[in-house]
Amino acid sequence: SEALKESKKVLALNKLAPELIRESRYIAARSLQETDRNALAIEEYKKISNEVMSIEGAEAKYRLAELYVLKKEYLSNFLAFVLSQGAQGRWETLS
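Residues numbered from 1 in each chain as written. Predicted model: local features only at pLDDT ≥ 70, side-chain atom pairs only at ≥ 80, totals over all residues. Heavy atoms only, no water.

Visitor: Looking at this model, I keep getting lost on helix H3 (residues 38-48). Mind explaining?
Guide: Residues that lie three or four places apart on an α-helix share one face, since the helix turns once every 3.6 residues. Within H3, the full set of buried residues consists of Ala 41, Ile 42, Glu 44, Tyr 45 and Ile 48. Mapping the buried residues of H3 onto a view down its axis gives an arc of 170°, with all of them on the same face. Where H3 is buried, its residues contact helix H1 (2-11), helix H2 (18-34) and helix H4 (55-70). (Buried < 20%, exposed > 50% of the residue type's maximum accessible area, 1.4 Å probe, protein only. Helix = DSSP H or I, 4+ residues; strand = E, 2+ residues; numbered from the N terminus. Arc of directions from axis to C-beta. Contact = heavy atoms within 4.5 Å.)

Visitor: Hey, could you run me through the environment of Lys 47 in this one?
Guide: Looking at where Lys 47 falls in the secondary structure, it is placed in helix H3. Expressed as a C-alpha distance, the spacing of Lys 47 and Gly 57, which sit 10 residues apart in the sequence, is 8.9 Å.

Visitor: Just checking my understanding: could you explain the pattern of salt bridges for this structure?
Guide: Pairs may arise between side chains of opposite charge once their charged atoms sit close together. According to the stated counting rule, one finds 10 salt bridges in the structure shown. Close ionic contact of Glu 34 with Arg 30 constitutes a salt bridge, the shortest N to O distance being 3.2 Å. With Glu 34 and Arg 30 both in helix H2 and four residues apart, the pair spans about one turn of that helix. Where Glu 44 meets Lys 47, a salt bridge forms, and the shortest distance between an N and an O atom there is 3.3 Å. Taken together, the residues span about one helical turn, with Glu 44 and Lys 47 both in helix H3 at a distance of three residues. Assessed through its relative accessible area of 6%, Glu 44 is described here as buried. Among the ionic contacts, a cluster of salt bridges with common partners joins Lys 8, Arg 25, Glu 44 and Lys 47. (Salt bridge = Lys/Arg side-chain N within 4 Å of Asp/Glu carboxyl O.)

Structure (structure tokens):
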């Protein structure tokens, strides 16, 4: 898709701000997921899913859980997600 192509162009640039890198990876992951390339989408989401204080990072965590459920790998992967320090820290902040 066009979004995937453009996000890859952005990621190829030097000296990008972390926010642009995260946003570009998120756009790439969503594009991959929307075109049923879920294994590649999972790899992209994993690269930003530890940044749960950002919208893209939190959304990446959610999308990973969603994809694991679709793959029926939710028990081991979802438990890892729930038990991760990043997810816990985010939930504590929301409480």
